[in-house]
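Architecture at a glance
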Amino acid sequence: MLFHNISDAPEHVAPFSHAVEAEGWVILTGQMPTVAGAPDAALPEGIAAQTRQVIENLQTVLAGLGLDLSDVAQCRCFLTEFERDYALFNDTYKSFFPEDRLPARTTVGVTALAVGALVEIDCVARRRSSL
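Residues numbered from 1 in each chain as written. Predicted model: local features only at pLDDT ≥ 70, side-chain atom pairs only at ≥ 80, totals over all residues. Heavy atoms only, no water.

Brief notes about the nonpolar core
- Among the nonpolar cores identified, the biggest contains 26 residues, and Leu28, Phe89, Tyr93 and Ile121 are the most heavily contacted of them.
- At the level of secondary structure, the elements contributing two or more residues to this core comprise β3 (25-31), α1 (46-64), β4 (72-79), α2 (82-94) and β6 (119-126).
- Sort the elements by how many residues they give to this core and α1 lands first, with six residues.
- Not counting residues within four places of it along the chain, the set of residues in contact with Tyr93 comprises Thr51, Ile55, Cys75, Cys77, Pro103, Arg105 and Ile121. (Core = buried A, V, L, I, M, F, W, Y, C linked by side-chain atoms within 4.5 Å. Buried < 20%, exposed > 50% of the residue type's maximum accessible area, 1.4 Å probe, protein only. Helix = DSSP H or I, 4+ residues; strand = E, 2+ residues; numbered from the N terminus. Contact = heavy atoms within 4.5 Å.)

In structure tokens form, the structure reads like this:
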């Protein structure tokens with residue numbers, strides 16, 4: 001297994017690797033709506049802005065590994081205000097993927113997330129050369 005930490009990605013908020021890779025599968029740690037290089041900056045306001053930042057952070061980690069969102073097979077999404085934010089979260093999330101290439105997904109309502117975030121997303125990608 002390979003344990004990856006990406007220098008351009010946001011700073012860790014807990015003890016983890018940004019991604020772990022085994023046999024072409026790449027498992028990304030859940031990303032928060034924090035900004036690389038500014039770990040103490042205020043989080044973006046609202047679920048749409050936080051979702052965009054989280055997916056941009058996932059893209060940064062993927063890019064650091066020579067991958068992109070088209071390599072993502074599955075996402076797990078965590079929302080602290082599920083009832084309130086689910087529809088707008090979906091609208092923002094789907095804007096990052098072609099309609100005919102949406103990853104498999106689970107979305108769960110949770111009581112809290114690190115750094116007071118409204119959303120966290122992790123994902124599993126696969127290297128194309130490994131298919």
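Structure shown, so let's carry the discussion forward.
Quick word on the state of the cysteines
- Taken as a whole and judged by the stated rule, the model has zero disulfides.
- This cysteine, Cys75, is not joined by any disulfide, and Cys123 carries the nearest cysteine sulfur, 5.1 Å off.
- Overall, the relative accessible area of 3% leaves Cys75 in the buried class.
- Judged by relative accessible area, which is 1%, Cys123 ranks as buried. (Disulfide = S-S within 2.5 Å.)

Structural notes on α2
- For α2, built from 13 residues, the straight-helix expectation of 18 Å at 1.5 Å per residue is met to within 8% by its first-to-last C-alpha distance of 17 Å.
- At Leu88, α2 is deflected by roughly 30°, the largest bend along its length.
- If you check which residues of α2 are buried, you get Asp85, Phe89, Asn90, Thr92 and Tyr93. (Expected span 1.5 Å × (residues − 1). Bend = angle between axes of the 7 residues up to and from the residue.)

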